[in-house]
Amino acid sequence: MNPIILVHGGAWDIPDDLVESHLKGVTEAITRGKKALPHSALDAVEDAITCLEDDPTFDAGTGSFLNRDGMVELDAVITEGNSLRAGAVGAVKRIKNPIRAARIVMEHCDTVFLTGEGAERFAAHQGVPLCDNRDLVIEREIKRWEGLARQNKPAEDFFKHGTVGAVAVDKEGTLVAGTSTGGTPCKQPGRIGDSPILGAGTYATDTCAVSCTGWGEAIMKAGMAKTIADFVDRGLKAQEAVKKSVEILRDRFSGYGGAIVVTREGDYGSAYNTPRMARAVYAESMKKPEASI
Ligand code: ASP
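Summarised in this report is the structure supplied together with it. (Residues numbered from 1 in each chain as written. Predicted model: local features only at pLDDT ≥ 70, side-chain atom pairs only at ≥ 80, totals over all residues. Heavy atoms only, no water.)

Taken in spatial order, the four strands make up an open sheet running S7-S8-S9-S10, and their pairing is antiparallel. The sheet terminates laterally at strand S7 (202-204) and strand S10 (268-272), the two strands that pair on one side only. Pairs of neighbouring strands in the sheet enclose a mean axial angle of 5 degrees, with direction left out of account. Here strand S8 (residues 208-214) runs beside strand S9 (residues 257-263); their pairing, made up of seven bridges, is antiparallel. (Pairing = 2+ DSSP bridges. Helix = DSSP H or I, 4+ residues; strand = E, 2+ residues; numbered from the N terminus. Axes fitted to C-alpha atoms, helices over the stretch in contact; angles between N-to-C directions.)

Listed below in structure tokens is the structure:
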């Protein structure tokens, strides 16, 4: 097995002045994730996503978009394809690193998906320190929120997405996918997007692992991550599978976004139908991670 990890930092119209911070962010995340990679795809994905959640460049963890109430509200999931284990949290407001909480749900809870206060209570009970929502809010997002609230437009008009995700295969062939997001700007409180929903924004089996990003309502309806996995199972190369599903997202669901995928054989791909998607890849056969946008 050739261990590989891919990360993304969202597919959207990333302006020129933010290109550098996005490339830096995905490179740092993959550098963090690759340390654990040979032995544990699970640790690699969790570590890479934690790094992206802590980087305010991205719409995940600290610095996420604010909902209509002016609060950060986070969704995350992690899933291990080979064992078919998964854990997710949705609409949490007091967890700094929801991907860690998602893993705790996967490993210590007898249900897959916890939301809101129940998720926070469970995480706290398992030793996750709860933070104040204000600790996750940054000045840039207060300004954006004030602007959006004034215009009173639906979030999908803005196509400003920066969800993060990672997929990896380790030397045992274990496949893991994870995604973490603050959702869409000025979203309805309580709204949960595609990201933490298995088969929609994230999916892993014993043949491949997928993480998507983009306009969640369309991605959910398309069942995009599962579509990509089905294409891989039908024999498509990773790149073809992801490219085809992004075309379906646009043509049948009028949706915008992108995805990354890795297979058990170490084949990988990424595609998007937005102007840019920040992403990076590292395989043991490479000298260093490669980031692109
Ligand atoms: N898919 C995410 C959501 O709709 C947003 C994103 O990918 O940027 O919640």
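Let's shift gears to the side chain of Asp59. With respect to the helices, strands and loops of the structure, Asp59 is situated in the loop between helix H2 (41-54) and strand S2 (74-80). For the buried Asp59, no salt bridge is present, and the opposite-charge side chain at shortest range is Lys187, 7.0 Å distant. From its side chain, Asp59 meets the backbone nitrogen of Gly183 in a polar contact 3.5 Å long. In this structure Asp59 touches Ser64, Phe65, Gly162, Thr163, Ser180, Thr181, Gly182 and Gly183, once residues within four positions along its chain are discounted. (Buried < 20%, exposed > 50% of the residue type's maximum accessible area, 1.4 Å probe, protein only. Lys, Arg positive; Asp, Glu negative; His and termini not counted. Salt bridge = Lys/Arg side-chain N within 4 Å of Asp/Glu carboxyl O. Polar contact = N/O pair within 3.5 Å; in protein donor to acceptor, adjacent residues only side chain to side chain. Contact = heavy atoms within 4.5 Å.)

Taken together, the side chains of Val112, Phe113 and Leu198 define a hydrophobic patch exposed on the protein surface, amounting to about 220 Å² of accessible area. Counting through the fold element by element, Leu198 comes out in the loop between strand S6 (175-181) and S7. (Patch = residues over 30% accessible without salt bridge, like charges linked within 9 Å, V, L, I, M, F, W, Y side chains within 5 Å. Areas by Shrake-Rupley, 256 points an atom, 1.4 Å probe, with all protein chains shown as cover.)

Before going further, it helps to spend a moment on the nonpolar core. Ranked by size, the top nonpolar core spans 63 residues in total, and within it Ile5, Val7, Ile78 and Val262 carry the most contacts. The biggest single contributor to this core is H2, with eight residues. With 21 residues, the next largest nonpolar core counts Ala222, Ala241, Val246 and Val261 among its residues. (Core = buried A, V, L, I, M, F, W, Y, C linked by side-chain atoms within 4.5 Å.)

Another aspect to go through is helix H8 (residues 238-253). For H8, spanning 16 residues, the distance from its first C-alpha to its last is 22 Å, which sits close to the expected 22 Å at 1.5 Å a residue. Listed as buried for H8 are Ala238, Ala241, Val242, Ser245, Val246 and Leu249. Viewed along the axis of H8, the buried residues span an arc of 130 degrees, placing them on a single side of the element. In H8, the exposed positions that point more than 90 degrees away from the buried face belong to Asp251 and Arg252. Each element contacted by the buried residues of H8 is listed here: helix H6 (216-222), helix H7 (224-233), S9 and S10. Phi turns positive, to about 50 degrees, at Ser254, one or two residues after H8. (Expected span 1.5 Å × (residues − 1). Arc of directions from axis to C-beta.)

On the basis of which strands lie adjacent, the open sheet formed by eight strands has the order S4-S3-S2-S6-S5-S1-S11-S12 and mixed pairing. The open sheet has two edge strands with one neighbour each: strand S4 (113-115) and strand S12 (290-292). Neighbouring strand axes in the sheet, compared pairwise and without regard to direction, differ in orientation by 10 degrees on average. Here three bridges tie strand S11 (residues 276-283) to S12, and the two strands are oriented antiparallel to one another. For Ala280, the partnering residue across the bridge sits in S12 and is Ala291. Running over the sheet, H2 touches strand S1 (4-12), S2, strand S3 (85-92), strand S5 (164-169) and S6 and is turned about 160 degrees from S5.

Another aspect to go through is the environment of Ala124. Positionally, Ala124 belongs in helix H4 (residues 116-125). Residue classification places Ala124 among the partly exposed positions, given a relative accessible area of 34%. C-alpha separation for the pair Ala124 and Arg94, spaced 30 residues apart in sequence, amounts to 9.8 Å.

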